[in-house]
Amino acid sequence: MRMEPMPATRCAMLSCDICGATVTSEPDMKAHLLVVHMENEVICPFCTNSVQCSRDLELAHQLQQEEDRNRRSKESRQEIEEFQRLQRQYGLDNSGGYKQQQLRNMEIEVSRGRMHPCEFHKRKADMMESLALGVDDGKTKTSGIIEALYKYYQNAATDVRHVWLSAAVDHFHSSFGDKGWGCGYRNFQMLLSSLLQNGSYDDCMKGMSVPCIPKIQSMIEDAWKEGFDPQGASQLNNRLQGTRAWIGACEVYTLLTSLRVKCRIIDFHKPTGPLGTHPRLFEWILNYYCSEREGSPKVVCTAKPPIYLQHQGHSRTVVGIEERKNRTLCLLIFDPGCPSREMQKLLKQDVEVSHLKQLRKFVGNLKHKQYQIVSVEGVLSPEEKVMKLPRHRDVATLSRVTHLHSNGYVCSSDSTPTQPWTYCSCLFITKAYSFMSVKFLFVLFCLFVCLVFFFCKVFVSEVWPLNVCFHPFGFGSGVFIIFIL
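Values in this document were obtained by computation on a predicted structure and should not be read as measured data.

It is worth spelling out the overall build of the protein chain at this point. For the protein chain, the count of helices and strands is 16 helices and twelve strands. As displayed, the protein chain offers around 28200 Å² of accessible surface, 57% of which is attributable to carbon and sulfur atoms.

Pasting the structure below:
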């Protein structure tokens with residue numbers, strides 16, 4: 001039964017003649033017929049012309065398809081724009097690297113009257129010389145801060161119970177060429193400056209100077225070509241030179257390992273304290289710098305290199321840690337975003353407490369979801385460096401786990417995380433070899449017994465071969481040995 005349309009002023013329910021569904025308005029009924037009964041080519045209850053109704057439905061269907069195409073096209077454009085935005089953010093948009101950004105920013109400074117053209121050409125010449133030599137020009141470097149901090153803590157800082165400082169390290173800050181993306185490179189320069197001043201690393205640092213950022217990019221690419229970190233290399237298209245690509249803890253670890261520096265990555269993947277704090281990170285750094293807390297002097301200059309500290313979007317360098325009189329901990333951090341003029345305030349004779357504010361970071365100041373650190377632990381031999389390569393990692397893991405398991409405990413000291421299946425396989429192989437050695441000794445014992453019995457029969461009987469072969473003990477032992485083998 002067809003139902004006449006109700007007046008617009010009345011609120012009544014409309015029923016579909018085909019399926020009995022009810023709707024509250026004529027537009028809803030038309031939409032229902034279009035979506036549900038389009039394929040059945042039904043006649044619209046509000047139209048007396050079946051041909052016109054069919055055309056209207058076809059037109060509506062075309063409009064719906066066009067709307068779907070427009071929506072998919074819009075979503076595709078948004079995905080492309082988001083991908084391009086991420087490429088620009090992480091320096092992978094082929095817009096040039098350190099050199100291009102340095103020149104572009106200096107030209108902007110000249111156009112705004114902040115830099116004289118003569119200064120522009122002088123800086124350009126210095127930059128080109130630095131890039132040609134592959135050595136940092138030192139214009140962003142501040143030296144002697146660790147020594148100044150040692151004097152300050154000796155004479156002041158009454159609220160500090162103990163403080164441990166790293167070995168000597170220079171501070172490097174961002175410049176026109178790497179502003180916004182170069183923190184990882186600058187922190188590597190800080191870490192390397194400390195290793196170059198430490199005689200323990202002369203063997204692997206022989207003839208080196210602090211490299212410029214393009215040189216660091218080239219060194220990381222060389223490490224990739226050696227076979228280090230193939231996954232990271234593929235993510236960055238095996239190319240860093242000429243880009244503004246960010247680097248993090250994995251790239252720093254890769255580069256240090258390729259230089260035969262023994263290091264490891266520690267991942268603090270979730271907060272361990274209230275309000276999203278990371279007290280275990282502070283405890284780990286305290287244990288890294290100090291071996292004994294009680295009985296040590298107030299200020300200790302250790303021989304430990306600084307620590308590379310990474311979190312989402314930024315990285316810094318940890319150069320020491322304070323233990324306050326209330327037993328709270330405070331990190332001393334070099335930030336590459338802090339300019340030289342601020343760091344040089346720490347070199348004055350009368351250092352004020354406010355000058356240290358830029359260095360001090362308490363537990364409540366570090367609330368990122370995840371942190372990674374790279375700590376240096378010594379020098380690798382050429383053989384150990386080769387074992388760090390992915391194709392040798394399983395063999396190295398097997399030998400390490402076997403050794404530790406034989407000592408009664410399992411604690412991986414390797415800097416490269418071990419996959420669970422690799423670890424289980426190593427333990428299985430170790431136990432298998434232990435079982436095989438026991439079985440081998442048992443077989444030797446059985447053979448020894450048979451030989452003793454054999455020689456006894458030689459001196460007892462003239463028909464010893466027949467007696468030995470058919471004697472119950474000799475025959476049973478032989479069958480048992482064959483079964484074991």
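The next point concerns the nonpolar core. Core analysis: the biggest nonpolar cluster contains 36 residues, and F188, M205, L240, L256 and V261 have the highest contact counts within it. For this core, the elements supplying multiple residues, two or more each, are α3 (98-111), α4 (117-133), α6 (183-196), α7 (213-226), α9 (249-258), β6 (261-268) and β12 (371-379). The contact partners of L240, leaving out residues within four places of it in the chain, are Y185, Q217, I220, E221, W224, A245 and I247. Listed in part, the 23 residues of the second largest apolar core include V163, L165, V210 and L359.

This part takes up the packing of α3 against α4. Between α3 and α4, the shortest axis-to-axis distance is 10 Å and the interhelical angle comes to 170 degrees. Relative to α4, the element α3 lies roughly antiparallel. In contact with Y98, K99, Q102, L103, M106, E107 and V110 of α3, α4 contributes P117, F120, R123, K124, M127, M128 and L131. Taken together, the residues of the contact of α3 with α4 sort by class into nine nonpolar, one polar and four charged.

Here the focus is helix α5 (residues 145-155). The set of residues buried in α5 consists of I145, I146, A148, L149, Y152 and Y153. For α5, the angular spread of buried residues about the axis comes to 155 degrees, placing them on one side. Among the exposed residues of α5, those oriented more than 90 degrees off its buried face are K151 and N155. Looking one or two residues past α5, A157 carries a phi angle of roughly 55 degrees, positive in sign.

Taken N-terminus to C-terminus, the directions of α6 and α7 make an angle of 90 degrees; their axes are 10 Å apart at the nearest point. It follows that α6 is roughly perpendicular to α7 by the angle criterion. Between α6 and α7, the contacting residues are Y185, R186, F188 and Q189 on the first element and I213, I216 and Q217 on the second. Looking at side-chain class alone, the contact of α6 with α7 contains four nonpolar, two polar and one charged residues.

The first and last C-alpha atoms of α7 sit 20 Å apart over 14 residues, in line with the 20 Å expected at 1.5 Å per residue. Residues I213, I216, Q217, S218, M219, I220, E221, A223 and W224 constitute the buried set of α7. Against the buried residues of α7 lie α3, α6, α8 (230-235) and α9. Once α7 finishes, G227 follows within two positions and takes phi at roughly 115 degrees, a positive value.

Right, let's get into the pairing of strand β8 (residues 307-311). The buried fraction of β8 amounts to five of the five residues, a majority that puts the element mostly inside the structure. Burial along β8 is two-sided: I307, L309 and H311 facing one way and Y308 and Q310 facing the other are all buried. Pairing between β8 and strand β9 (residues 314-324): five bridges, direction antiparallel. Directly across from I307, in β9, lies its bridge partner V318. What sits between the antiparallel neighbours β8 and β9 is a turn of two residues, in which G313 has the positive phi angle 90 degrees. Of the strand pairs in this sheet, β8 and β12 are connected by four bridges, and their pairing is antiparallel.

We now examine the packing of aromatic side chains. For the structure on display, the rule yields four aromatic pairs. Between Y152 and Y153, the aromatic rings sit 5.3 Å apart at their centres with planes inclined by 70 degrees, giving edge-to-face as the arrangement. With respect to burial, Y152 and Y153 carry one shared label: buried. By way of ring pairs, the aromatic residues W284, Y288 and Y289 are connected into one cluster.

A cluster of nonpolar residues, L441, L444 and L447, forms a patch on the protein surface that exposes about 270 Å² of accessible area. Residue L447 is classed as partly exposed on the basis of its relative accessible area, which comes to 37%.

Inspection of every chain in the model, using the stated rule, returns 17 salt bridges. Between D126 and K139 there is a salt bridge, and its shortest N-O distance comes to 3.5 Å. Taken together, the residues span a long stretch of sequence, with D126 in helix α4 and K139 in the loop between α4 and β3 (141-142) at a distance of 13 residues. A relative accessible area of 21% means that D126 is categorised as partly exposed. Of the residues examined, K139 reaches a relative accessible area of 48% and is grouped as partly exposed. For R260, the salt bridge goes to D203, with nearest N and O atoms at 2.8 Å. A residue pair is termed long-range when its members are at least 10 positions apart, and R260 in the loop between α9 and β6 and D203 in the loop between α6 and α7 qualify at 57 residues.

Moving on, we get to the side chain of N198. Among the structural elements, N198 can be located in the loop between α6 and α7. Of the polar contacts made by the side chain of N198, one reaches the backbone nitrogen of S200; its length is 3.1 Å.

Attention shifts here to the confidence of the model for the protein chain. In the predicted model, the protein chain carries a mean pLDDT of 79, and 72% of its residues have values of at least 70. Predicted confidence in the protein chain is weakest over helix α13 (residues 393-406), with a mean pLDDT of 34, and strongest over strand β5 (residues 171-172), with 98. Within the model, the stretch residues 393-436 combines pLDDT values under 50 with 38 contacts to residues more than four positions away or in other chains. Every residue in residues 460-475 scores below 50 in pLDDT, and together they form 14 contacts with partners more than four places removed in sequence or on other chains.

The two faces of a sheet get side chains in turn, since along a regular strand they alternate between them. Here strand β10 (residues 329-334) lies mainly inside the structure; six of its six residues are buried. Going residue by residue along β10, you find L329, L331 and I333 tucked away on one face and C330, L332 and F334 tucked away on the opposite face as well. Relative to β10, β9 runs antiparallel, the two being bridged by six bridges. Considered in β10, the bridge of G320 is made with L332.

So, how was this worked out
Residues numbered from 1 in each chain as written. Predicted model: local features only at pLDDT ≥ 70, side-chain atom pairs only at ≥ 80, totals over all residues. Heavy atoms only, no water. Helix = DSSP H or I, 4+ residues; strand = E, 2+ residues; numbered from the N terminus. Areas by Shrake-Rupley, 256 points an atom, 1.4 Å probe, with all protein chains shown as cover. Core = buried A, V, L, I, M, F, W, Y, C linked by side-chain atoms within 4.5 Å. Buried < 20%, exposed > 50% of the residue type's maximum accessible area, 1.4 Å probe, protein only. Contact = heavy atoms within 4.5 Å. Axes fitted to C-alpha atoms, helices over the stretch in contact; angles between N-to-C directions. Parallel < 35°, antiparallel > 145°, perpendicular 65-115°, else oblique. Nonpolar A, V, L, I, M, F, W, Y, C, P; charged D, E, K, R; others polar. Arc of directions from axis to C-beta. Expected span 1.5 Å × (residues − 1). Pairing = 2+ DSSP bridges. Phe/Tyr/Trp six-rings, centres within 6.5 Å; stacked < 30°, edge-to-face > 60°. Patch = residues over 30% accessible without salt bridge, like charges linked within 9 Å, V, L, I, M, F, W, Y side chains within 5 Å. Salt bridge = Lys/Arg side-chain N within 4 Å of Asp/Glu carboxyl O. Polar contact = N/O pair within 3.5 Å; in protein donor to acceptor, adjacent residues only side chain to side chain. pLDDT = per-residue confidence, 0-100.

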